[in-house]
Amino acid sequence: MQERNVDMDGTGGAVVPPASEVEKYPHSAGVLALFAATTFLSAFLLFAIQPMFAKMVLPVLGGSSSVWAVALLFFQAALLTGYGYAHLLNGHVSLRYAGFVHLALALCALIVLPVALPASWDEPPAGNPYLWQLGLFAVAVGLPFVAVSANAPLLQAWFARSGHPHAQDPYFLYGASNLGSLLALLGYPFLFEPAFGLTALSAYWAALYLVLIAAIASCFFLVRRRAARAPEATVDTASNDQPPPTWHNRLAWCGLALVPAALLTAFTTHIATDIASAPLLWVLPLALYLLTFVLAFQTRLPLPMWLLLPVQLAIVIFALLELSQVKHDKWALTSGAGVAAFFIAALVAHRTLFLNRPSARYLTEFYLWMSFGGVLGGVFAALIAPHVFSEVFEYPLLIALSLACRPGVFYQSDSPLRELAWIVGIVAVGMVLILRFPLLAMENGWTFDDWGVTPVIALIFAVAAVAFWNHGERQLTAALMMFAAVVMLPSAVKRGLAERSYYGVYRVSQSENGDYNVLTHGTTLHGAQRLRDDDGKLVSDVTPGTYYYPGSPMAHAVKIVQARLDADEELGRFGVVGLGAGSLACYSRKHETWRFFEIDPVVVDIAAKSNHFTFLANCQPHLDVVIGDARLTMAKEADKSFDLIIVDAFTSDAVPVHLMTAEALQLYASKLTDKGVVVLHISNRYLDLDSVLGATLPLVPDLKGLIVSDDMALGTYAENTSTVAVFAKDPAQLDAFRLLLGAQDFHTGNLSPWTDDASDILGPFLSQWRRH
């Protein structure tokens, strides 16, 4: 094995066969092209099915970051299953028959194609449906995903037995595999789904799957004929003397895959929670993750390791220093530091993994352990961390741990006891600094302006990490102490009182002047309640604020419908999707029936059972709330039963697409009385939802609508700007809304309508960018 090889020139130790060998092999280019194309197609299908099925489950599970995190975990686990199957097949079944076994499995997967949501899996349990989602994915796409995932190691193992001049080091095919993955990942949301829709894409996927089966059969029969003509040929004959992998090697492969896989999920959650929850933001981290495989599993690295390693240390230190401050830097700086740290950390880890690769004889075992590490990383980031950490603390932890993935980091000391003493000393001094220095700063009046004390402590550890350049274990320990400072003291990832669930991180904090209790979900404000009046005296005030203040479009909607009900001498029934802090409840009247639809029980606890907000305690002490996704729970309500439906459900600032499609609008229409009204809160920093709904409305002939924008609010916790879409069956019910300031017709634009089958994100994003 190559554990101590730091690959300073970036070549990775690969051997390029001489031109004479290539010329002797008949149809060399054709064989190489066949295997590369089959590997590419296999990876393309593997990564096309992931966003395709994740999109199919949106009407059932919603669009929170945890849905994607658990989906990643499933696909990592299914990948491990495929790699395990490939390892067993390659090691225990003769090459003469292995292809027939694999083709049989591939044909069996046809029974669940084309991919669709199983009819019996139409509603998750209330609460945290982690295991339910894993079961759904296993039933719907488990078999074809395992069959396709096994192709990468199998094709490389078969190529190693093809007698081709490049057969001794077939790992370059992994680069072709990741290029296919990258194309599918970037093409799906921006090209394939907007152009074809889910139903057609599922059929096309099944058709390409049949093409893949034919390509795999061609590869197998080619290698089978080669083995029949030269039965003495073996895998990587030049390295038959290499000893088999040790458990130390296997653990190294596992660990080197674990950290970047966990960091992928943690970084995606971090940017959605603490930076900006723009739609499809998960595409960028996953694309960068795949790109690191493309770069790392090549003969020559674009950037030599002697330069890459100090760059990694500098970026890791800078990213942790960014996280240590309580002052908010500009979005571009914060996100740029995170992207750079994630990309370089994953690239170094994957390059170290490539340097430690075995000969082709042990190829399938190498991929098996690498996949196992990926699963462990996914389990930690998607399942364990949300239950252990109240905020996204796993992100700075994994950034620090990325220094453990540098080549030779644990082989630099000849005296383990002395190194252990250094590590214990660093931890002891670090804990004293973390626990005592803030008190010392407070006693002496050291405020450090808006930055806080945490960056000062983190900077001390950063200097230590640089000083320990030639001592990998000490450097890693210093970075971990930076992490400890970030999560134990006030910082960018530790602020306010936080609760975490499957659907995200909720924070309750006080405004800077202490006048308001504030509820945020990720980066988005979800409610605020006044604590003090203008003189600083404590008050009990249940006047709604933020987007719900008395002059807001949503407040006007309630008043307009109530006035119509009074004129018709009707009692009125109101439905609100999204509870938040419970602000809207204080517009209810005693004789009215109000029902809230909330997907997350944690939000109910914050709004109704904590002492932070008292809207519900004062205005709706007997709360009527239905837990679950609104598309599913509202479908169970009686038709023509609501006079007003307000849809105010956002996952941080990400759009719940499935609540805004033509099918969702039709559902709301079916639940309205003849004079009923639907109000959708569509304020968004990134997408032109006005034009999206304008394009979608013609697909729902039962409804007519308009937009009401409030641009006059002060932008404070007392009152904030907002935009809503208003729909009604009876056009006359919109007359009162047309009199409101900011009322206007929908912008038509040139955007595509949103349906459950297709929802273009790129078009609305570009439209919003052009408008601002």
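*Asks:* Quick question: what am I supposed to make of the overall build of the protein here?
*Replies:* The secondary structure content of the protein amounts to 26 helices and 12 strands. Each of the 772 residues in the protein was classed as buried or not, and the buried ones make up 59%. In the protein, 78% of the contacts between residues at least 6 apart in sequence involve partners at least 24 apart. Total accessible area on the protein stands at roughly 30400 Å², and carbon and sulfur atoms take up 63% of it.

*Asks:* Help me understand the state of the cysteines in this model?
*Replies:* Two cysteines whose sulfur atoms are joined by a covalent bond form what is called a disulfide. All told, the structure shown has one disulfide when counted by the stated rule. A sulfur-sulfur separation of 2.1 Å characterises the disulfide bridge that pairs Cys586 with Cys619. Here the disulfide of Cys586 and Cys619 is right-handed, its torsion about the S-S bond being about 90°. Here Cys619 lies in helix H21 (residues 615-619) and Cys586 lies in the loop between strand S5 (573-577) and strand S6 (593-598), a separation of 33 residues in the sequence. For Cys619, a relative accessible area of 24% puts it in the partly exposed group.

*Asks:* Could you clarify how one ought to interpret the sheet that holds strand S8 (residues 642-647) in this entry?
*Replies:* What links the strands of a sheet is backbone hydrogen bonding, and the strands pair in either a parallel or an antiparallel sense. What the eight strands build is an open sheet, ordered S7-S6-S5-S8-S9-S11-S10-S12; its pairing is mixed. At either margin of the open sheet sits one strand with a lone partner, and together these are strand S7 (625-627) and strand S12 (743-744).

*Asks:* What is the right way to look at the packing of aromatic side chains in this model?
*Replies:* The relative placement of two aromatic rings is captured by the distance of their centres and the angle of their planes. Taken as a whole, this structure holds 32 aromatic pairs when the rule is applied. Pairing Trp253 with Phe366 gives two aromatic rings, centres 5.2 Å apart and planes at 85°, and the pair type is edge-to-face. Placement of Trp253 in helix H10 (residues 247-275) and of Phe366 in helix H14 (residues 363-388) is noted, with a sequence separation of 113 residues between them. For the pair shown, Trp253 and Phe366 are each scored as buried. Taken together, the aromatic side chains of Phe53, Phe74, Phe75, Phe137 and Phe145 make up a single cluster linked through ring pairs. Over the ring of Trp247 we find Arg250, and its NZ or CZ is 4.7 Å from the ring centre. Lying over the aromatic face of Phe642, Arg573 brings its terminal NZ or CZ to 4.2 Å of the ring centre.

*Asks:* Just to check I follow, could you spell out the confidence of the model for the protein for this structure?
*Replies:* Do not read the predicted coordinates in detail wherever pLDDT is low. For the protein, mean pLDDT is 85; residues scoring 70 or higher make up 89% of the total. Predicted confidence is poor over residues 14-23, with pLDDT under 50, and the contacts of this stretch with residues over four places away or in other chains come to 10 contacts.

*Asks:* Looking at this structure, how should I read the packing of helix H17 (residues 454-467) against helix H18 (residues 472-488)?
*Replies:* The relative placement of two packed helices comes down to the angle between their axes together with the axis-to-axis distance. One way to put it is that H17 packs onto H18 with a least axis distance of 8 Å and a crossing angle of 175°. When the interaxial angle is binned, H17 and H18 end up roughly antiparallel. Residues Thr454, Ile457, Ala458, Phe461, Ala462, Ala464 and Ala465 of H17 form the contact with H18, whose own contacting residues are Gln475, Ala478, Met481, Met482, Ala485 and Val486. When its residues are assigned to classes, the contact of H17 with H18 shows 11 nonpolar, two polar and no charged.

*Asks:* Is there a simple way to think about unusual backbone geometry in this case?
*Replies:* It is generally the case that most residues other than glycine have a negative phi and that most peptide bonds are trans. In this structure, the amide linkage connecting Leu113 to the following residue, Pro114, adopts the cis form with an omega of -5°. Looking at where Pro114 falls in the secondary structure, it is placed in the loop between helix H5 (95-108) and helix H6 (130-149). Residues other than glycine seldom take positive phi values, yet Thr546 does so here, at roughly 50°. Residue placement: Thr546 occurs in the loop between strand S4 (524-530) and helix H19 (553-568). Here Lys640, not a glycine, exhibits a phi torsion of approximately 55°, which is positive. Secondary-structure assignment places Lys640 in the loop between helix H22 (630-635) and S8. Looking at Lys640, the relative accessible area reads 53%, which means it is exposed.

*Asks:* What is the right way to look at the packing of H6 against helix H7 (residues 151-160) in this model?
*Replies:* Their axes nearest at 5 Å, the elements H6 and H7 cross at an angle of 25°. In terms of orientation, H6 lies roughly parallel with respect to H7. Contact residues: H6 offers Ala147, Val148 and Ser149, while H7 offers Asn151, Ala152 and Pro153. Of the residues assigned to the contact of H6 with H7, the class counts are four nonpolar, two polar and no charged.

*Asks:* Quick question: what am I supposed to make of the pairing of strand S1 (residues 497-501) here?
*Replies:* Each regular strand carries side chains that alternate between the two faces of the sheet. The pairing of S1 with strand S2 (residues 504-510) spans five bridges and is antiparallel. When the sheet's bridge partners are listed, Ala498 is paired in S2 with Arg507. In this structure, the hairpin formed by S1 and S2 is closed by a connection of two residues.

*Asks:* Explanation requested: the nonpolar core in the structure shown.
*Replies:* Nonpolar side chains in soluble globular proteins tend to end up buried together. Judged by nonpolar contacts, the single largest core of 211 residues is most densely connected at Phe35, Tyr209 and Phe297. A per-element tally of this core places helix H4 (residues 65-92) first, with 15 residues. Contacts of Tyr209, omitting those with residues within four sequence positions, involve Leu45, Ala106, Ala109, Leu110, Leu113, Ala147 and Val148. Ala669, Leu689, Ala725 and Phe727 belong to the second largest nonpolar core, which has 35 residues in total.

*Asks:* Before we go on, may I ask you to explain the environment of Tyr547 in this structure?
*Replies:* With respect to the helices and strands, the residue Tyr547 is situated in the loop between S4 and H19. With 169 residues separating them along the chain, Tyr547 and Thr716 place their C-alpha atoms 9.7 Å apart. Sequence-distant contacts of Tyr547, that is, excluding residues within four places in its chain, are made with Thr524, Leu525, Ser552, Met554, His681, Asn720, Thr721 and Ser722.

*Asks:* Looking at this model, I keep getting lost on the pattern of salt bridges. Mind explaining?
*Replies:* Working definition: two side chains of opposite charge can pair if their charged atoms are close together. Under the defined criterion, the tally for this structure stands at 19 salt bridges. Between Asp605 and Lys609 there is a salt bridge, with its nearest N and O atoms 3.4 Å apart. One end of the pair, Asp605, and the other, Lys609, are both in helix H20 (residues 601-609), four residues apart, so they sit about a helical turn from each other. Note on Lys609: relative accessible area 66%, which makes it exposed. Within this structure, Arg564, Asp568, Glu570, Asp643 and Lys675 form a network of salt bridges that share partners.

*Asks:* Looking at this structure, how should I read H7?
*Replies:* One turn of the α-helix equals 3.6 residues, which is why residues spaced by three or four share an orientation. Counting buried residues along H7, 10 of its 10 residues qualify, which places the element largely inside the surrounding structure. Within H7, the full set of buried residues consists of Asn151, Ala152, Pro153, Leu154, Leu155, Gln156, Ala157, Trp158, Phe159 and Ala160.

*Asks:* How do you make sense of the sheet that holds S2 when you look at a structure like this?
*Replies:* Spatial ordering of the open sheet is given by S1-S2-S3-S4, a layout of four strands whose pairing is antiparallel. Both outer strands of the open sheet, S1 and S4, are each paired with one neighbouring strand and no more. Strand-to-strand twist of the sheet, defined as the mean angle between neighbouring strand axes without regard to direction, takes the value 15°. Relative to strand S3 (residues 516-521), S2 runs antiparallel, the two sharing five bridges. Residue Ser509 lies in a different strand from S3, and its bridge partner there is Val518. Sheet strands touched by H20: S1, S2 and S3. Its angle to S2, the strand with the most contacts, is close to 15°.

*Asks:* I keep staring at helix H16 (residues 416-444) and nothing clicks. Help me out?
*Replies:* Between its terminal C-alpha atoms H16 stretches 41 Å, which fits the 42 Å expected from 29 residues at 1.5 Å a residue. Arg436 marks the point of greatest bend in H16, at about 35°, and the proline Pro438 comes within the next four residues. Among the residues making up H16, those that are buried are Glu419, Ile426, Gly430, Leu433, Ile434, Phe437, Pro438 and Ala441. With its phi angle positive at about 75°, Gly445 sits one or two positions after the end of H16.

Conventions adopted
Note that residues are indexed from 1 along each chain, following the sequence as it is written. Owing to the predicted nature of the model, reporting of local features is limited to residues with pLDDT of at least 70; listing and counting of side-chain atom pairs is limited to 80 or more, with chain, interface and lining totals taken over all residues. Side-chain calculation: all heavy atoms of the structure are included, whereas hydrogens and water are not. Only DSSP runs of H or I reaching four residues or more are called helices, and only runs of E reaching two or more are called strands; each is numbered from the N terminus. The rule is simple: take the accessible area with a 1.4 Å probe, protein chains only, and divide by the maximum for that residue type; under 20% is buried, over 50% is exposed, in between is partly exposed. The contact criterion used throughout is that any non-hydrogen atoms of two residues lie within 4.5 Å. Here the accessible surface of atoms and residues is derived via Shrake-Rupley with a 1.4 Å probe, and residues count as covered only by protein chains that are part of the display. Only a pair of cysteine sulfur atoms within 2.5 Å qualifies as a disulfide here. Strands qualify as paired when DSSP identifies two bridges or more between them. Classification of ring pairs rests on two measures: the distance between centres of Phe, Tyr or Trp rings, Trp counted by its six-membered ring, which must be within 6.5 Å, and the angle between planes, read as stacked under 30 degrees, edge-to-face over 60 and tilted in between. Criterion for a charge above a ring: Arg CZ or Lys NZ at most 6 Å from the ring centre, at most 35 degrees from the ring normal. pLDDT expresses, on a scale from 0 to 100, how confident the predictor is about each individual residue. Only C-alpha atoms enter the line fits that serve as axes; for helices the fit covers just the stretch in contact. Angles between N-to-C directions range over 0 to 180 degrees. Small angles under 35 degrees read as roughly parallel and large ones over 145 as roughly antiparallel, with 65 to 115 read as roughly perpendicular and the rest as oblique. Each residue gets one label: Ala, Val, Leu, Ile, Met, Phe, Trp, Tyr, Cys and Pro are nonpolar, Asp, Glu, Lys and Arg are charged, and the others, such as Gly, are polar. Each nonpolar core is a collection of buried residues, namely Ala, Val, Leu, Ile, Met, Phe, Trp, Tyr and Cys, held together in the definition by side-chain atoms within 4.5 Å. Put simply, a salt bridge is a Lys or Arg side-chain nitrogen that is within 4 Å of an Asp or Glu carboxyl oxygen. Given the number of residues in a helix, its expected span is that number minus one, multiplied by 1.5 Å. One fitted axis covers the seven residues ending at a residue, a second covers the seven starting there, and the bend at that residue is the angle between these axes.

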